[in-house]
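Now for the letters of each chain:
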Amino acid sequence: MIDSLLSKITGLWDKNFLFGSFLPALIFAVCISTTFAYVLGFAPVWSWVDTLTTYQRTTYLSFATLALIVVAYVLNALRVNFRRFWCGQSSFPPLLSWSVRILLEDWSRRKFRKMSRHLVSLSPWKTVLGNFEASVLSRFKDAGLPVADGATLRDLIRRTDGLRRQYGPSNVQGTLELVAKQYEKFEGNSLSEVFFNVKRTLIEWDKTEQARIDRVPTELDRQFGSFVTIRATRLGNVVEAHNQYCLTRYNIAAEMFWSRLRGAIRKEDEYLKIIDEPVILLDFALTMATLSAVYATLAILVGPWLWYKPGLWSLLFAFGLFSSWQFYEVAVAAARQSGELMRATFDLFRLEMMTALGRPHPANLQIERQQWGQLSSLAALGNVDSDKDFGLQSPNDTEK
Amino acid sequence: MPTASDPEYFLGAQQLLEISAETPLNQALGNLSHLPGSGLILTEYGRPKSFVKVNDLVNDVVNNPTSSISLFDTPIGNVVMHLGQQTNSVVPIDPKILQPNDSVPTAGGPRVYQVASAGGGWYFNDPELKVMAMRRTVYVCKNNHRNADPDHGTCYYCPYPITAQFEDI
């Protein structure tokens, strides 16, 4: 019994607990104590500490340590809630979260639609170049007009060098139309340097824009799940994107089968450690983001009642919010990393899981998807079409 | 009968550009403009399929009655397929891979063989083909501007199209 108790206590100090809960609790406690010490004044606090006997100090320290462990344990238990909150799935606080969630989901949907539109878009710069070429061609004369002088060429090159992709196709085209008009005044061949400059620039922009468009499917696949699984926050959408990966590729419900997959590859100890690393970072960042938000709230709501100094509490409020935002950004990066590893794990080990679940190796992807569909149906709903379809034999069949 | 490593007929692998059939024609020609040559090896699924005489191919594309602009944006494999019998710019690569000391017949129409020497290479049974493969092409527009590559079939210095006139340096 004592051994069992000791192993439980030792389990508290594993890396997951230490970084995911204890360290955030410690940092939060230090921030709160320092703020209080500042409000009361550092000198009186130190004087009070000096008056304590060794026995009193040991007692206070023991209580503080115990309180810290309890807080850390509570934070550990609340991890799922923190994750739901930052993924935009929480209903706390009731009315506020509902309205904010509706707004943020709407904003995410708009972003999703905007990115989806780029999937079928084409670079506009090829058209701009074509229009410029046509415009110059209609005005081009190789005789009968004066040759463009150096100053004119320099001015036109400076003007075309000043064009920026960010100005947009219509603005750029407007400027190029002015350049094309110079072909009415000067011999066309004397402006070849200007033409070359414009064409080279537009070709470069076209390549850049095309490369950006080519990246959109990958970006969309990593930032969002599908239109129906849109979440209010970026973190929620990144998590959904990785969950949807297994569903769309293999017909596997990732959330349902993740723990089974871990069980199937438990011998791959080193690999499991690798996939756990970003999860620990994600938990740490989310706990810190939550505690930073709590600190900011305490600073703005409770602070002025302790000591009326609006400047100080506003500063601490801003610090808390900024810190919360930064930790949220870390959490998004960690979720991306974790999601990539999750995708890789399903790609690499899903057939081992299928073997562990008692199903044969499928001959092709189509059969594999059917098998995962059956397994999902069994796991989620308890439905099996028939034992035969599922590849299970009845005891009577075995006897025969 | 010459051997497969005869310098009159042989060209090292690094001297000839290998391009996937899925590469757009203008991109293939842009890549070729960095090399002193007018020929390239067209590969399909990583395997060499044919030798393309770029001068002839661009000439055929420019003079093709269908829109030449769109052909420059088309994968080079599709361009070759589209032109079909109308072009003699494509020389097949024999499926047989030669060893450096193998004797190769020079008769029987132009043909290119892959040679499995240390660094690999290509054997041209027609020496003219090899000479052409090592000469740079300059694409000249209607306005006599010289271009390193034909872009989308138009000049880099004026809006006029690349004409069927080519120069070898």
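Quantities reported herein were computed from a predicted structural model and do not represent experimental measurements.

Quick look at empty space enclosed by the protein
Residues and elements named next belong to chain B.
Phase 1: Applying the stated criterion to the full structure yields one cavity of 30 Å³ or more.
Phase 2: Each pocket or cavity is described by its volume, and for the largest cavity that value is around 50 Å³.
Phase 3: Along the walls of the largest cavity sit Leu29, Leu32, Ser33, Leu35, Gly37, Arg136, Thr137, Tyr139 and Ala148, which together make up its complete lining.
Phase 4: Of all the elements in the fold, those that place two or more residues in the lining of the largest cavity are helix 1 (25-32) and strand 8 (137-141).
Phase 5: For the lining of the largest cavity, the residue count by class is five nonpolar, three polar and one charged.

What about the sheet that holds strand 5 (residues 90-98) of chain B?
By way of backbone hydrogen bonds, the strands of a sheet pair with one another, either parallel or antiparallel.
Residue and element names in this part refer to chain B.
Phase 1: The strand order 1-7-6-5-4-3-2 describes an open sheet built from seven strands, whose pairing is mixed. Only two strands of the sheet have a single neighbouring strand rather than two, namely strand 1 (10-12) and strand 2 (17-20). Each strand axis lies, on average, 35° off the axis of its neighbour in the sheet, ignoring direction.
Phase 2: Both strand 3 (residues 39-44) and strand 4 (residues 47-53) contribute to a ladder of six bridges, which runs antiparallel. By the bridge assignment, Ile41 is partnered in strand 4 with Phe51.
Phase 3: Relative to the sheet, helix 2 (residues 54-62) contacts strand 3 and strand 4, its axis offset from that of strand 4 by approximately 70°.

Quick look at the pairing of strand 5 of chain B
All names here are of chain B.
Phase 1: Of the strand pairs in this sheet, strand 4 and strand 5 are connected by three bridges, and their pairing is antiparallel. Within strand 5, the residue paired with Phe51 across the bridge is Val91.
Phase 2: With four bridges joining them, strand 5 and strand 6 (residues 112-115) adopt parallel strand pairing. Each residue of the ladder has a partner; that of Ile93, found in strand 6, is Val112.

Re the interface of chain B and chain A
Phase 1: Every contact between the two is made by twelve residues of chain B and, on the other side, twelve residues of chain A.
Phase 2: Both sides together, the interface formed by chain B and chain A hides about 1100 Å², and carbon and sulfur atoms give 59% of it.
Phase 3: If you sort the residues of chain B by the area they bury against chain A, Tyr156, Tyr157 and Pro159 of chain B come out on top, with a joint share of 49%.
Phase 4: Our enumeration of links across chain B and chain A arrives at two salt bridges.

Some details on the packing of aromatic side chains
Phase 1: For the structure shown, the criterion picks out 22 aromatic pairs over all chains.
Phase 2: With centroids separated by 5.6 Å and ring planes inclined at 35°, the aromatic side chains of Trp86 of chain A and Tyr328 of chain A adopt a geometry described as tilted. Of the two residues, Trp86 of chain A is situated in helix 5 (residues 79-86) and Tyr328 of chain A in helix 15 (residues 310-356); the sequence distance between them amounts to 242 residues.
Phase 3: These aromatic residues form a ring-pair network of at least three members: Tyr38, Phe42 and Trp307 of chain A.
Phase 4: Note that Lys199 of chain A overlies the ring of Tyr156 of chain B, its terminal NZ or CZ placed 5.1 Å from the centroid.
Phase 5: Lying across the ring of Phe257 of chain A, Arg260 of chain A places its NZ or CZ 5.3 Å from the centre.

Concerning the confidence of the model for chain B
Predicted coordinates in regions of low pLDDT should not be interpreted in detail.
Phase 1: Residues at a pLDDT of 70 or more form 92% of chain B, whose mean pLDDT is 83.
Phase 2: The ipTM for the predicted assembly is 0.76, set against a pTM of 0.72.

Focus: unusual backbone geometry
Phase 1: In the Ramachandran plot, Asn251 of chain A falls in the positive-phi region, its phi being about 70° despite a non-glycine side chain.
Phase 2: Considering the arrangement of structural elements, one finds Asn251 of chain A in the loop between helix 11 (234-250) and helix 12 (254-264).
Phase 3: Classification of Asn251 of chain A by relative accessible area gives partly exposed; the value is 27%.
Phase 4: For Asp151 of chain B, which is not glycine, the phi torsion reads 45° and is therefore positive.
Phase 5: On the secondary structure map, Asp151 of chain B appears in the loop between strand 9 (146-147) and strand 10 (162-168).

Conventions adopted
- Residues numbered from 1 in each chain as written.
- Chains lettered and ligands numbered in written order.
- Predicted model: local features only at pLDDT ≥ 70, side-chain atom pairs only at ≥ 80, totals over all residues.
- Heavy atoms only, no water.
- 1 Å grid on protein atoms, 1.4 Å probe; cavity = no way out; pocket = protein on both sides within 12 Å on 5 of 7 lines; lining within 4 Å.
- Points joined across faces, edges and corners; volume = space filled by probe spheres on them.
- Helix = DSSP H or I, 4+ residues; strand = E, 2+ residues; numbered from the N terminus.
- Nonpolar A, V, L, I, M, F, W, Y, C, P; charged D, E, K, R; others polar.
- Pairing = 2+ DSSP bridges.
- Axes fitted to C-alpha atoms, helices over the stretch in contact; angles between N-to-C directions.
- Contact = heavy atoms within 4.5 Å.
- Buried area = accessible area lost by both parts, 1.4 Å probe.
- Salt bridge = Lys/Arg side-chain N within 4 Å of Asp/Glu carboxyl O.
- Phe/Tyr/Trp six-rings, centres within 6.5 Å; stacked < 30°, edge-to-face > 60°.
- Lys NZ or Arg CZ within 6 Å of the ring centre and 35° of its normal.
- pLDDT = per-residue confidence, 0-100.
- Buried < 20%, exposed > 50% of the residue type's maximum accessible area, 1.4 Å probe, protein only.

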